[in-house]
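Chain by chain, the residues:
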Amino acid sequence: EIWKEKNAKERSVLFEKWALVFGATILAWIAASVMKDLILRPRPFIELRDANLLFPHGDHDSFPSGHAAFLFSLWWGLRLAQPSRRLAVFFLAGAALVGFARVAAGIHWPLDILGGALLGIVVAEGVFRTRSYFDKSSSLNPKHEARNPK
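Throughout what follows, the structure given in this document is the object of discussion. Bear in mind the structure is a predicted one, so any value in this text is a computation, not a measurement. Along each chain, residue indices are assigned from 1 in the same order as the chain's sequence is written. Totals for whole chains, interfaces and linings use every residue, but because this is a predicted model, local features are given only for residues with pLDDT of at least 70 and side-chain atom pairs only at 80 or more, for both listing and counting. To get the side-chain values, take all heavy atoms of the structure and skip hydrogens and water.

## Section: the pattern of salt bridges
Any carboxyl oxygen of Asp or Glu within 4 Å of a side-chain nitrogen of Lys or Arg constitutes a salt bridge here. According to the stated counting rule, one finds four salt bridges in the structure shown. In this structure, D112 engages R41 in a salt bridge whose closest nitrogen and oxygen atoms are separated by 3.3 Å. Residue D112 is located in helix α5 (residues 110-134), and its partner R41 is located in the loop between α1 (8-39) and α2 (44-47); the two are separated by 71 residues in the primary sequence. Looking at D112, the relative accessible area reads 0%, which means it is buried. By the criteria applied, helices consist of DSSP H or I runs no shorter than four residues and strands consist of E runs no shorter than two, each listed in order from the N terminus. We call a residue buried when its accessible area falls under 20% of the maximum for its residue type, exposed when it is over 50%, and partly exposed in between, using a 1.4 Å probe and counting protein chains only.

Rendered as structure tokens:
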């Protein structure tokens, strides 16, 4: 219904926003994976011998959390693409809950989650700023609205 009710220009803008959001999440996941391979930080269940591991997992790829990078990038991208407070709070809560769960499961240290969250936010912000930089007339560029009011 959201798609059908839009004209061609509005659908194009909507598609662009979603492409940027999902592109940012994929880039954040890839960046986290590359960083994990470079940093090689042991997971909590390796260093804390009495930790109860809930499920099998890799051992030296803790920092940053790829899940946190992905989910916080998704949250920030959605916040930039559609500044709906309700939607933003929902996705922020989901990202935070997953982060807490990964710490509780003994798979990540709290700093891994914070690092992944920061990485995800920076990547999403960078994707949106890069898009606005290369297309000054982009509907995603706030200055565009000021120059071309509807």
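## Describing the nonpolar core
Here, the term nonpolar core denotes a set of buried Ala, Val, Leu, Ile, Met, Phe, Trp, Tyr and Cys residues that are joined through side-chain atoms within 4.5 Å. Core analysis: the biggest nonpolar cluster contains 22 residues, and V21 and F72 have the highest contact counts within it. Elements supplying a minimum of two residues to this core: α1, α3 (66-81), α4 (85-104) and α5. Looking at this core, the element that brings in the most residues is α3, giving eight residues. Here, residues are in contact when the closest pair of their heavy atoms is within 4.5 Å. Ignoring anything within four residues of it in the chain, the contact list for V21 reads L74, G77, L78, A81 and F128.

## Some remarks on α3
A helix's residues, less one, multiplied by 1.5 Å, set its expected span. The first and last C-alpha atoms of α3 sit 22 Å apart over 16 residues, in line with the 22 Å expected at 1.5 Å per residue. Every buried residue of α3 is listed here: G66, A68, A69, F72, S73, L74, W75, W76, G77, L78 and A81. Tucked into the core, α3 has its buried residues touching α1, α4 and α5. Each polar contact in these results corresponds to two N or O atoms within 3.5 Å; when the atoms are within protein, one needs to be able to donate a hydrogen and the other to accept it, and residues that are neighboring in sequence are counted only if both atoms are side-chain atoms. For α3, the side-chain oxygen to backbone nitrogen distance between the N-cap and H67 is 3.4 Å, and the N-cap itself is S65.

## A short note on the packing of aromatic side chains
Pairing of aromatic rings covers Phe, Tyr and the six-membered ring of Trp, with a centre-to-centre limit of 6.5 Å; geometry is then stacked below 30 degrees between planes, edge-to-face above 60, and tilted otherwise. According to the stated counting rule, one finds five aromatic pairs in the structure shown. Ring geometry for W75 versus W76: centroids 5.2 Å apart, planes at 70°, classification edge-to-face. Residues F90 and F91 carry aromatic rings whose centres are separated by 5.4 Å and whose planes lie at 90° to one another, so their mutual orientation is edge-to-face. By relative accessible area, which is 58% here, F90 ends up exposed. Cluster of aromatic residues (ring-pair linked, three or more members): F72, W75 and W76. The aromatic ring of W76 is capped on one face by R79, whose charged end is 4.2 Å from the ring centroid. Whether a charge lies above a ring is judged from NZ of Lys or CZ of Arg, which has to be within 6 Å of the ring centre and within 35 degrees of the ring normal.

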